[in-house]
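So you can see what is in the structure, the chains are spelled out below.
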Amino acid sequence: MTAASLSRLRRTFPVRATALCLLSFAAFWVAQRLAGVTMVDLMVYRAEGRAVLDGADLYALRATENDLPATYPPFAALLFTPLPLLGTGLMRTLATAGNLLLLLTLALLTLRLVTGGPAGRRLPRPLAWLGAPALAAVAVWSEPVWTTLRYGQINLLVTVLVLWDMRYLPGAGPARGRRWAGAGIGLAAAVKLTPGLFIAFLLLAGVVAAVRGGAARPWLALARNAVCWFLTATALAAAVLPRDSWQFWSGTFLAADRAGHPEQTANQSLRGLLARLLHTADPGLWWLAAALLTGAAGLAVAVLAGLRSRPAWAATACGMTALLVSPVSWSHHWVWSVPAAVLVVDEAVRAGGRWRRAGAAVLTGLFFTYALWWVPHGPERPELHQGPAEFALSSLYPLAAFGFLVVAWRVALRSGAKEEAGAVPPAGQVPEQREPAAAERGRAGRQAVAKE
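Residues numbered from 1 in each chain as written. Predicted model: local features only at pLDDT ≥ 70, side-chain atom pairs only at ≥ 80, totals over all residues. Heavy atoms only, no water.

*Asks:* Can you lay out the overall build of the chain for me, pointing to particular residues and giving the numbers?
*Replies:* In terms of regular secondary structure, the chain is built from 19 helices and 0 strands. Buried residues in the chain amount to 51% of all 452 residues. Long-range pairs, those at least 24 residues apart, make up 74% of the contacts in the chain with a sequence separation of at least 6. Summed over all atoms, the accessible surface of the chain reaches about 20,700 Å², with 66% contributed by carbon and sulfur. (Helix = DSSP H or I, 4+ residues; strand = E, 2+ residues; numbered from the N terminus. Buried < 20%, exposed > 50% of the residue type's maximum accessible area, 1.4 Å probe, protein only. Contact = heavy atoms within 4.5 Å. Areas by Shrake-Rupley, 256 points an atom, 1.4 Å probe, with all protein chains shown as cover.)

Have a look at this one:
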């Protein structure tokens, strides 16, 4: 892209992208109101905040007409304490507006990760700022994002916190405010346990980098900071809510069935997939074995991508893996589909090929079809008696996640081939290991000029 065309794009595209984003968000807001959304999860958060203020038993409460329990760690309930002070209408309006702003932030962080670092210099970074409104305008209509806003969920907040820290990965390019590195992952894990897998990813990447003779310190320092933030937030909650903290950490956090039946269509985790496949509410050891294998494979892909200067692929692979191995991953948890879609489309366009583009279109389109809701579902638990076609439709997200991990693995392998050819510096490479050769070439060049 020439400087003139880039300058022209900067002048015209921001206005168009912003207008498209505002129009899409306005239409979305109207559609949500016409659908009569109740933001049921937001009402549960409000009840949790009231329980904290009243000194009630947090994990004994049942909120809304659906008798929904509190399932998050106690630190999350502390964050919900302002909600009871707001009127219901104002609370819902602020939650919707806040989630739309978080979606814009998610789009920006995704594009910055894709366009930044040694592996992504083909696209100027200002285009990340220009493209974020356009991406958000489209992503708001995907099923995970729609459902997140419909329920008043906090999935976008958790994902943004994690992606904020991913800016500090080696190979992700320069990032300011390193004193706060690790805070996003640590706080996200203190609110919902699933992001804790990112700490394991950072530790594993650091160990592998050290074994390969690379720079392990950036990975391990980020993991250490995340652990410190998690422990600080958890300790704060324990000091304020000692009874609830003891109850949660002594066993409640293991009671996955508190959130609902595992075979529910909305549960798009590996456990939900197996429950529907095996026609049982308790997949037991089958799920445990599958989760361990999937977790190991997914972390391996994330580490491989991270050490080969593919931070966006590494982060999204880890996020997808966390959703797969979690006992419960409701469909609205899958907002990681936004960065996944950007990555596979970018790779298909860059690499070319009819099949790549078709595959990227299918993987991206799955999250816009709402097809998982085409199968019978409800309190009668028809998911326990699904046929092959119904099973396939109700398991689209985990199948898409497996497909994404395969693509991420192939991308990381190709990046490794480029490293060996000297085209891309590995993220874990110690700079001093590359300087002698460069200095020798520089000296040879100067000597040749002197001879001439």
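Continuing now.
*Asks:* So, the pattern of salt bridges: which residues are in play, and what are the values?
*Replies:* Close approach of charged atoms allows side chains with opposite charge to pair. With the rule as written, the count across this model stands at 5 salt bridges. With its nearest N and O atoms 2.7 Å apart, the salt bridge here joins Glu-347 to Arg-350. Of this pair, Glu-347 and Arg-350 both sit in helix α15 (residues 337-351), 3 residues apart, roughly one helical turn. The exposure class assigned to Arg-350 is partly exposed, which follows from its relative accessible area of 32%. Here the residues in one salt-bridge network are Glu-347, Arg-350 and Arg-414, joined through shared partners. (Salt bridge = Lys/Arg side-chain N within 4 Å of Asp/Glu carboxyl O.)

*Asks:* I'd like a description of the nonpolar core, backed by residues and values.
*Replies:* The biggest cluster of nonpolar side chains holds 116 residues, and the ones touching the most others in it are Leu-103, Met-166, Phe-201 and Phe-404. In terms of residue count, helix α4 (residues 88-115) provides more of this core than any other element does, 12 residues in total. When near neighbours in sequence (up to four residues on either side) are disregarded, Phe-201 contacts Met-166, Leu-169, Trp-219, Leu-299, Ala-302, Val-303, Ala-314 and Cys-318. Listed in part, the 6 residues of the second largest apolar core include Leu-273, Leu-274, Ala-291 and Phe-391. (Core = buried A, V, L, I, M, F, W, Y, C linked by side-chain atoms within 4.5 Å.)

*Asks:* Which residues make up unusual backbone geometry, and what values go with them?
*Replies:* You will see that His-279, though not glycine, has its phi angle at about 55 degrees, which is positive. For His-279, a relative accessible area of 43% translates into the label partly exposed.

*Asks:* Run through the packing of helix α14 (residues 311-325) against α15, naming residues and quoting values.
*Replies:* The geometry of α14 relative to α15 is characterised by a closest axis approach of 10 Å and an angle of 135 degrees between their N-to-C directions. Considering their axes alone, α14 and α15 lie oblique with respect to each other. The chirality of how α14 crosses α15 is left-handed. Here Ala-312, Trp-313, Thr-316 and Met-320 of α14 come into contact with α15, specifically with Ser-337, Pro-339, Ala-340, Leu-343, Val-344 and Glu-347. (Axes fitted to C-alpha atoms, helices over the stretch in contact; angles between N-to-C directions. Parallel < 35°, antiparallel > 145°, perpendicular 65-115°, else oblique. Left-handed = near helix turned anticlockwise from the far one by under 90°.)

*Asks:* Go over the packing of aromatic side chains with me, naming the residues and quoting the values.
*Replies:* A ring pair, where both rings are aromatic, is described by two values, the distance of the centres and the angle of the planes. Throughout the structure, instances matching the rule amount to 16 aromatic pairs. Aromatic side chains Phe-28 and Trp-146 sit 5.2 Å apart centroid to centroid with 85 degrees between the ring planes, which places their arrangement in the edge-to-face category. Taken together, the positions of Phe-28 in helix α1 (residues 3-34) and Trp-146 in helix α6 (residues 143-151) put the pair 118 residues apart, joining distant regions of the chain. One exposure class covers both Phe-28 and Trp-146, and it is buried. (Phe/Tyr/Trp six-rings, centres within 6.5 Å; stacked < 30°, edge-to-face > 60°.)

*Asks:* Provide a residue-level description of helix α12 (residues 270-278), including the pertinent values.
*Replies:* In terms of residue burial, α12 counts as a mostly covered element, since 7 of its 9 residues are buried. Turning to α12, its buried residues are Leu-270, Arg-271, Gly-272, Leu-273, Leu-274, Ala-275 and Arg-276. Immediately beyond the C-terminal end of α12, within one or two residues, lies His-279, with a positive phi of roughly 55 degrees.

*Asks:* Could you give an account of helix α10 (residues 217-240), with specific residues and numbers?
*Replies:* For α10, with 24 residues, the first-to-last C-alpha span of 34 Å sits near the 34 Å given by 1.5 Å per residue. Within α10, the full set of buried residues consists of Trp-219, Ala-221, Leu-222, Ala-223, Asn-225, Ala-226, Phe-230, Ala-233, Thr-234 and Ala-237. In this fold, the buried residues of α10 make contact with α3 (74-79), α7 (155-166), α8 (183-191), α9 (197-211), α11 (242-249) and α13 (284-307). (Expected span 1.5 Å × (residues − 1).)

*Asks:* Describe in detail the environment of Ser-337, supporting the description with residues and values.
*Replies:* Here Ser-337 is to be found in helix α15. Sequence separation between Ser-337 and Pro-144 is 193 residues, and the spatial gap between their C-alpha atoms is 7.9 Å. Residues contacting Ser-337, with those up to four places away along its chain left out, are Pro-144, Met-320 and Phe-367.

*Asks:* Can you explain the packing of α7 against α8? Please cite residues and give values.
*Replies:* Following both chains from N to C, one finds α7 and α8 inclined at 155 degrees, their axes separated by 7 Å at the closest point. By the angle class used here, α7 and α8 are roughly antiparallel. Remark: the crossing between α7 and α8 carries left-handed chirality. Contact with α7, carried on its side by Val-158, Leu-161, Val-162, Asp-165 and Met-166, involves Ala-183, Gly-184, Ile-185 and Ala-188 of α8 and no other residues of that element. In terms of residue class, the contact of α7 with α8 is made up of 7 nonpolar, 1 polar and 1 charged. (Nonpolar A, V, L, I, M, F, W, Y, C, P; charged D, E, K, R; others polar.)

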